[in-house]
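# Analysis of the macromolecular model
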Amino acid sequence: MTATRREESLLDVPVSITAYNQQSLDLKGIKNIEDLARMTPGVSINQGTFGIKYLVIRGLSSSVGATMNGVYIDDTPVQVRSVSLTSNFYPAMFDLERVEVLRGPQGTLFGAGAMGGAIRFISAKPGFTEFSGYSRAEVATTEGGDLSYEGGTAVGGPIIKDKLAFRVSAYYRRDGGYIDRVPIIASRGTARKNHNERDTYVGQAQLAFKPAEDTTITGGVFYQQANRDNSDQFWDWRATNVYDRPPYREFTSGDGLDSYGRDRATIYSLKVEQDLGPATLISNTAITDRRAVNRDDATAFFLDLFGGTGPLFEGALGFPSDGPFPIDFNLPGTDERAVIDLEMRQRAFTQELRIQSNPGTGPISYVAGLFYQNSRQTAEEFDTAPATNGPFLWDVLGFVPVVNGNIGYLLDQSRDTQFAVFGNIDYKLTDKLSVNAGLRYSYVTFDFRQVGGNNLPTDAVNNGRTSESPITPKFGIEYNPTENLMFYASTGKGFRPGGTNSIPAPGTLTDACQLQLQALGYADGYPPRQYRSDSTWSYEVGAKGRAGSWLTFAGDVFQIDWTDVQRTRSVLNCGNPFLDNLGKSRARGVEAKITLTPIAGLSLDANFSYTDARVQQTLTVPTNPLPLVTKGDRFAPPWIISLAADYESELGIGDTVGYGHVQWDHRSGMTAPSGNAGFDPNYARIETRDFVAARLGVRTNGVNVSVFVDNLLNSQDELGRLALGGGERLLRQVYRPRTFGITASHSF
């Protein structure tokens, strides 16, 4: 493991960590970030609209501002700010040396953006002495859906032995769709069966050169393009819909227009390692270039937000309702269709220079370094109404102005700059007792420019800038009573940068809005121009060890105090929400991983985490009898459990081994309390989730063939639920239906 920036055994790392090598990923059928989160204790994915995914570690996550949890490909951070419906990208699980999931703040060694934890995807490396390779192919069928299939190969080895080496890989995967599109208004769209396909293309090339025995230079290019057609969300009606409509047909979307997303990322990297004897000097340089384009049918989305419910239009305007949305009157010469076009571009330059002691150089070991990153992000959103049959309906009713076919336009331009000095030192007091301390000083700036309106010269322009100098320390102690048992305790700080809000132009806010803002403490009657950083302090006590060959274990208890929480705030009589620092929260929990080998060939794994994540302050709203949030409110489901059993046995044919694997993954549910402002019963309940998978196969001489079934019990437990505005739709997402398949791989 390299969680401490040094090569160490998993059981020797005083950090709460889960790691998977490529063989383990294949056995468990982990192909993407959702699979990884489903079976990793303390980790979840929150599903947003238009395919957005938010990473959750130990209950900490946010859909606004800078990321809370780091995502690294090798040594390169690739996370982005959440602006204009954008989120992180995650690499496909192919040709990886391992994946490391680090829980708890990693601010000392990994910097801002890792206050909840970090996930590291470590690529397989070129070999200077021997050739190696890996190939995998798979075909699967989903009940009620299309075929899924994949193929990939990787090979590497010496070009000039001990001097020049390479590794290249290519991978393609198609995930067949299982959701049908049946336009709710037949004359305004096209039907399409199994419309939510996914295509993923990955290519990677590395060239390593040793000009001298103690020097290694590795250059690499990583490329991934992920294409989505439509969404994995399907439609249902709210239980409170005023028209008492029958349930929408399962796995059906009522959208009329095709939606798609194309997310392309390229990382160019150069790593130089110089062995100095007692220490190694390492330089990592990377350029990240990402472009994500999304085009989504937003007709129902906007009707939900602006259309309201039946009584408003039937009563106030006197129109009858003849469709799923009260605003859909089928008036002559109108066209209710709308589209959101969004393009996000990220360009980042990252440089890290560090020196770290080599193993066995004495009682003191250390890591020290410099870090610099300049990340530019642009997000441009066009909300359009094609109006192919006349003016857009909302323009007719006067709710939303339409100019040259534009309902709205938004341009976000930002630049995050970080410079940091960091170091960590471990001192061995005795053969059994060690202490460690680390510190990171950062200087962080955030520049922001936003243009909003209808893509006209008169659009409002807002600019902002923040700068901060956070210090994130870490302290720990480690005790090894035997070589197979370790106890540790640690405390550390995590940090997330602040940012700026878009401030309405003078005179554009109503008197009622400004009075509300003043009542909330904003003296000038406007939202705050800036919001501050928030931070966490983590306290952890843990133990790791093994007993012979039959038991290994790792466990910890933790507390995370989260202060100045960055929250979205909506204010009565005002328009768009804004960000501010509101209150404190706390997460307490316990995590454990136990592996038993009671008899030869049988392995039993139990992974679980319990997180009690609650708000620590009641936040009141002077103009509302209900508080914004109440002390004691949960903000994350408590239990995450993963149980697995593996059995393997020689089949008596050469070195052929047969094996079986079965796994149960569980996420408990929770119910949000109703006594808070903004409470919505459609979001109040997060349902319990259960997922069962099984695999049966044989392997021999590097060849591995297996059959599998994912979602064995055909669970339809909810992964996400969205209810927007005053409309009557529910957007639901569940596990992919039961899927059968066969996988073949070859390693040498």
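Relevant structure appears above.
Quick caveat: nothing in here was measured; it's all calculated off a predicted structure.

## What to know about the sheet that holds strand S7 (residues 117-123)
The strand order S1-S6-S7-S4-S5 describes an open sheet built from five strands, whose pairing is mixed. In this open sheet, the two strands that pair with only one neighbour each are strand S1 (17-21) and strand S5 (76-77).

## Considering the sheet that holds strand S39 (residues 718-722)
Here three strands make up an open sheet; going across it, the order is S14-S40-S39 and the pairing antiparallel. In the strand order of this sheet, the two ends are held by strand S14 (234-237) and S39, each with one partner. Between one strand axis and the next, the sheet turns by 35° as a mean value, whatever way the strands run. Pairing geometry for S14 and strand S40 (residues 729-734), over four bridges, is antiparallel. For Trp-237, the partnering residue across the bridge sits in S40 and is Arg-729.

## A closer look at empty space enclosed by the protein
Regions of empty space are outlined by a rolling probe, equal in size to a water molecule, passed over the atoms. Per the stated rule, a full pass over the model turns up nine cavities of 30 Å³ or more. In this structure, the second largest cavity encloses a volume near 260 Å³. Taken together, 21 residues form the lining of the second largest cavity, with Thr-67, Gln-79, Gln-373, Asp-416 and Gln-418 sitting closest to its centre. Only strand S19 (364-384) and strand S20 (406-428) provide two or more residues apiece to the lining of the second largest cavity. Of all the elements, S19 adds the most residues to the lining of the second largest cavity, at four residues. Residues belonging to the lining of the second largest cavity are distributed by class as follows: nine nonpolar, nine polar and three charged.

## As for the pattern of salt bridges
Proximity of charged atoms lets side chains of opposite charge pair with each other. For the coordinates displayed, the defined rule picks out 49 salt bridges. Where Arg-103 meets Glu-591, a salt bridge forms, and the shortest distance between an N and an O atom there is 3.3 Å. Of this pair, Arg-103 sits in strand S6 (residues 96-103) while Glu-591 sits in strand S31 (residues 584-596), and the two are 488 residues apart along the sequence. The residues Arg-103 and Glu-591 share a single accessibility class, namely buried. Between Glu-343 and Arg-291 there is a salt bridge, with its nearest N and O atoms 2.8 Å apart.

## Structural notes on unusual backbone geometry
Positioned with a positive phi, Arg-58 is a non-glycine residue whose angle comes to about 55°. Along the chain, Arg-58 turns up in the loop between strand S3 (53-57) and strand S4 (69-73). A relative accessible area of 0% means that Arg-58 is categorised as buried. Phi is positive for Asp-564, which is not a glycine, with a value near 55°. Following the sequence through the fold, Asp-564 ends up in the loop between strand S28 (551-563) and strand S29 (566-569).

Cut-offs used in this document
- Residues numbered from 1 in each chain as written.
- Predicted model: local features only at pLDDT ≥ 70, side-chain atom pairs only at ≥ 80, totals over all residues.
- Heavy atoms only, no water.
- Pairing = 2+ DSSP bridges.
- Helix = DSSP H or I, 4+ residues; strand = E, 2+ residues; numbered from the N terminus.
- Axes fitted to C-alpha atoms, helices over the stretch in contact; angles between N-to-C directions.
- 1 Å grid on protein atoms, 1.4 Å probe; cavity = no way out; pocket = protein on both sides within 12 Å on 5 of 7 lines; lining within 4 Å.
- Points joined across faces, edges and corners; volume = space filled by probe spheres on them.
- Nonpolar A, V, L, I, M, F, W, Y, C, P; charged D, E, K, R; others polar.
- Salt bridge = Lys/Arg side-chain N within 4 Å of Asp/Glu carboxyl O.
- Buried < 20%, exposed > 50% of the residue type's maximum accessible area, 1.4 Å probe, protein only.

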